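Notes for the structure review
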Amino acid sequence: MKSDIDYLRLAAKIAADSRAGGNHPFGALLVGPEGEVLLTSGNTYKQDRGVGHAETNVARAAAQKYDPTFLEGCTLVTSVEPCCMCAGACYWAGIGAVVYGLTEKRLAELTGDNPENLTLDLSCHEVFAAGRRPVSVRGPFPELETEIVSGHKDFW
């Protein structure tokens, strides 16, 4: 099975592809209980003007395709910490774990007051702690910060 770092690098590649396609530089994937990549998505800003975050896209597709008891054993991996909307989508889909590379606070430093990404200062840890279903969270991964930040360079 691959490591969290390996999956995060794949999420960063999906984010780069998203950016190359004219969308925001975010990527996410769903990893199954045996380590297989089940779903992937980049951001879809061009199509939906802000609500198609990569994590929400994956969580929505996962909820439609898989049973909640299966999703409890899955992990959503994302280049940047899920915002409260995305954390909520993961929670409601029943995904059991989230792995992220860069914090929402660090993203806010990169995006500033860009109207296309006015970040909310609410950690996914807080969102999940408010729920009644456990969601395990691993992140951030400081060793990947430079790599992930480079995907946002000159974008915002």
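Residues numbered from 1 in each chain as written. Predicted model: local features only at pLDDT ≥ 70, side-chain atom pairs only at ≥ 80, totals over all residues. Heavy atoms only, no water.

1. Concerning the pairing of strand β3 (residues 75-80)
Within β3, six of the six residues are buried, leaving the element largely enclosed by the surrounding structure. Read as a crossover between parallel neighbours, the route from β3 over helix α5 (residues 84-93) to strand β4 (residues 97-102) is right-handed. (Buried < 20%, exposed > 50% of the residue type's maximum accessible area, 1.4 Å probe, protein only. Helix = DSSP H or I, 4+ residues; strand = E, 2+ residues; numbered from the N terminus. Right-handed = clockwise from strand over helix to strand, strands pointing away.)

2. Quick look at the sheet that holds strand β2 (residues 37-42)
One open sheet holds the five strands; their spatial order is β2-β1-β3-β4-β5, and the pairing between them is mixed. At either end of the open sheet lies a strand with only one pairing partner, and these are β2 and β5 (136-138). On average, each strand axis in the sheet is tilted by 15° relative to the strand beside it, whichever way the strands run. When β4 meets β5, the two strands line up parallel, connected through three bridges. For valine 98, the partnering residue across the bridge sits in β5 and is valine 137. Packing against the sheet, helix α1 (residues 4-20) makes contact with β1 (27-31), β2, β3, β4 and β5, and its axis sits at approximately 140° to β1. Sheet contacts for helix α3 (residues 54-65): β1, β2 and β3; angle to β2, the most-contacted strand, approximately 140°. (Pairing = 2+ DSSP bridges. Axes fitted to C-alpha atoms, helices over the stretch in contact; angles between N-to-C directions. Contact = heavy atoms within 4.5 Å.)

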